[in-house]
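# Report on the structure
For reference, the chains in residue letters:
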Amino acid sequence: MTSLWRNRDFTLLWSGQVISSLGAAISSTATPLLVLATTGSPLDAGLVGAAGTLPHLIANLPAGPLVDRWNRRLILLISEIVAAVALLSVPLAIWSGLFTIAQLCVVAFIQGVCFVFFGLAQDAALPMVVPPAQLATAIAANEARSRGATLAGPPIGGALFGLDRAAPFLIDGISYLIAAVGLLFLRRDLQKPPEGPTEPLVRAAVTGLRYVWRNPLIRASMLLIAASNFVFQALILVLVVLAGRQGGSASDIGLMLGVYSAGGLLGAFAAGRLHRIVSFRTVLVGVNWVWAALLPLFLLTTSPWQIGVIGALTAFVGPLWNVVIFTYAGVVVPNELLGRVMSAAGTLTWGVMPIASLAGGLMLTWLGTTGSLWSLSAVMLVAAIAATLSPSVRRAPTLAEAGSRPSDAETSTALR
């Protein structure tokens, strides 16, 4: 079989997103620093974070059917260009003295909408770009790309912010434009022709939700992902504030987040091999218990470096979780339904993030860093117990068994 890296369209898509993901990691590191430097309020930082993640709650569900019926290549391109324009407005506002937190909330929201549409279109297009035998490898490569960006991005973002508060947002805007140029050279058709008449938008959205909810293992997986996303979305803000109170500068916090992300990059490389030898059940149960054991250790830290090291351990197991679950979805769910199913799953799993951002800001305001860390540790413990006791997780098939089950195809037909 031809190497994945000789697949022209995959390498174009992958390399463009390396640049874009790096830019996003740079600006996402600078965003809470900019808010805290402007107002000093963790609650304001939580509000901006909520604005950026709100599209996952309100846009994911309608975006899925649109990704299945609209031109996916055009969705990818427009998402990059609109995000670039929004991001480039931030340095202009800072340099002109017109910057406000309200503007940053609007920019974060627009960037979040673009992220939703781009992510769904890319996930649905991936099985059209790579053969089924290489799908897990491609997903692992995308994980490595994302984790690599979050390794390099935070130190660069922290350093750039120290030089000029506008610089991280300028770099991110330019990165989106560069990625958009790469999309112009894709050759392959990124979607299958629709089968039968097009469903009304609301019915199509409900189709995705129904598919997720009627598959017990996908349902359990999505609920577990939602719990972990809630915890880690709130945790990042808590750790940034904790590192600042431990004496960390903007550069120190950027380096801390870079160390944190290094664990994810190593985990992404390991996931490319481990997903073949570790069972689905072991991943779903084991990863949650690893997180439940590690989160209380943040309470023992006294420096940003220690926070980064513990964070790296939590991040190491994340890519294996993503590769196994989303490879399962790519194998089981018919491609013409994949956008709708992924959008429904995204509504459940990413929709908790604006709530988590607000919760992080409120917990820091009311409970402080110690109380916040204890609360998030408790949520993670409950998730680990739920994963262990879930009947569908205990009966989880291997990926090979899942791909050979005729009931999956029959279920998808019944849901159309």
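Residues numbered from 1 in each chain as written. Predicted model: local features only at pLDDT ≥ 70, side-chain atom pairs only at ≥ 80, totals over all residues. Heavy atoms only, no water.

### What to know about the overall build of the chain
Looking only at helices and strands, the chain has 18 helices and 0 strands in total. When the backbone C-alpha atoms are referred to their principal axes, the chain occupies close to 60 × 45 × 40 Å. When the 416 residues of the chain are sorted by exposure, 56% land in the buried category. A separation threshold of at least 6 residues defines the contact pool for the chain, and within that pool the share at least 24 residues apart is 88%. Side chains of the chain give 24 positive and 16 negative charges; the mean places of these two sets differ by 6 Å. (Helix = DSSP H or I, 4+ residues; strand = E, 2+ residues; numbered from the N terminus. Buried < 20%, exposed > 50% of the residue type's maximum accessible area, 1.4 Å probe, protein only. Contact = heavy atoms within 4.5 Å. Lys, Arg positive; Asp, Glu negative; His and termini not counted. Charge placed at Lys NZ, Arg CZ, Asp CG, Glu CD.)

### Here we look at the environment of Leu364
Assignment of secondary structure puts Leu364 in helix H15 (residues 353-389). Taking the C-alpha atoms as reference points, Leu364 and Leu43, separated by 321 residues in sequence, lie 7.9 Å from one another. In contact with Leu364, other than residues within four places in its own chain, are Pro42, Leu237, Val238, Val241, Thr369 and Ser372.

### Here we look at the packing of helix H9 (residues 216-245) against H15
Interhelical geometry of H9 versus H15 gives an angle of 140 degrees and a closest axis separation of 7 Å. Relative to H15, H9 is oriented oblique. Crossing angle aside, the handedness with which H9 passes H15 is left-handed. Per-class residue counts for the contact of H9 with H15 are 24 nonpolar, 8 polar and 1 charged. (Axes fitted to C-alpha atoms, helices over the stretch in contact; angles between N-to-C directions. Parallel < 35°, antiparallel > 145°, perpendicular 65-115°, else oblique. Left-handed = near helix turned anticlockwise from the far one by under 90°. Nonpolar A, V, L, I, M, F, W, Y, C, P; charged D, E, K, R; others polar.)

### A word on helix H4 (residues 72-96)
For H4, spanning 25 residues, the distance from its first C-alpha to its last is 37 Å, which sits close to the expected 36 Å at 1.5 Å a residue. For H4, the N-terminal capping position is held by Asn71, with its side-chain oxygen 2.9 Å away from the main-chain nitrogen of Arg73. Within two residues after H4, Gly97 carries a phi angle of roughly 75 degrees, on the positive side. (Expected span 1.5 Å × (residues − 1). Polar contact = N/O pair within 3.5 Å; in protein donor to acceptor, adjacent residues only side chain to side chain.)

### What about the pattern of salt bridges?
A complete count under the given rule lists 2 salt bridges for this structure. The residue Asp9 makes a salt bridge to Arg8 at a minimum N-O spacing of 3.6 Å. By relative accessible area, which is 5% here, Asp9 ends up buried. Among the salt bridges present, the one from Arg188 reaches Asp9, with a minimum N-O distance of 3.5 Å. One end of the pair, Arg188, is in the loop between helix H7 (167-183) and helix H8 (201-214); the other, Asp9, is in helix H1 (residues 8-38), and 179 residues separate them in sequence. Note on Arg188: relative accessible area 35%, which makes it partly exposed. (Salt bridge = Lys/Arg side-chain N within 4 Å of Asp/Glu carboxyl O.)

### Observations concerning the confidence of the model for the chain
Per-chain confidence: the chain averages 85 in pLDDT, with 92% of residues scoring 70 or above. Mean pLDDT across the elements of the chain ranges from a minimum in helix H18 (residues 406-415), with 35, to a maximum in H4, with 95. Under a pLDDT of 50 for its full length, residues 406-416 has, in the predicted model, 16 contacts with residues more than four places off or in other chains. (pLDDT = per-residue confidence, 0-100.)

### Some words on the packing of H9 against helix H11 (residues 280-294)
In the contact formed by H9 and H11, the axes pass within 12 Å of each other and the chain directions differ by 20 degrees. In terms of their interaxial angle, H9 and H11 are classed as roughly parallel. The element H9 and its partner H11 pack so that their crossing is left-handed. Contacts between H9 and H11 involve Leu217, Ser221, Leu224, Ser228 and Phe232 on the former and, on the latter, Phe280, Leu284, Asn288 and Trp291.

### Overview of the side chain of Gln103
One can find Gln103 in helix H5 (residues 101-129). The exposure class assigned to Gln103 is buried, which follows from its relative accessible area of 18%. When residues no more than four places from it in sequence are discounted, the contact partners of Gln103 are Ser89, Val90, Ala93 and Leu98.

### Focus on the packing of aromatic side chains
Within the structure shown, the criterion is met by 5 aromatic pairs. Each ring, one from Trp291 and one from Trp321, has its centre 5.7 Å from the other, and the planes form 55 degrees; the classification is tilted. Taken together, the positions of Trp291 in helix H11 and Trp321 in helix H13 (residues 318-332) put the pair 30 residues apart, joining distant regions of the chain. Given the relative accessible area of 5%, Trp291 is considered buried. Among the residues examined, Trp321 registers a relative accessible area of 2% and is labelled buried. An aromatic cluster is present here, built from Trp5, Phe10 and Trp14 joined pairwise through their rings. One residue, Arg219, lies across the ring of Trp213, its end atom 5.3 Å from the ring centre. (Phe/Tyr/Trp six-rings, centres within 6.5 Å; stacked < 30°, edge-to-face > 60°. Lys NZ or Arg CZ within 6 Å of the ring centre and 35° of its normal.)

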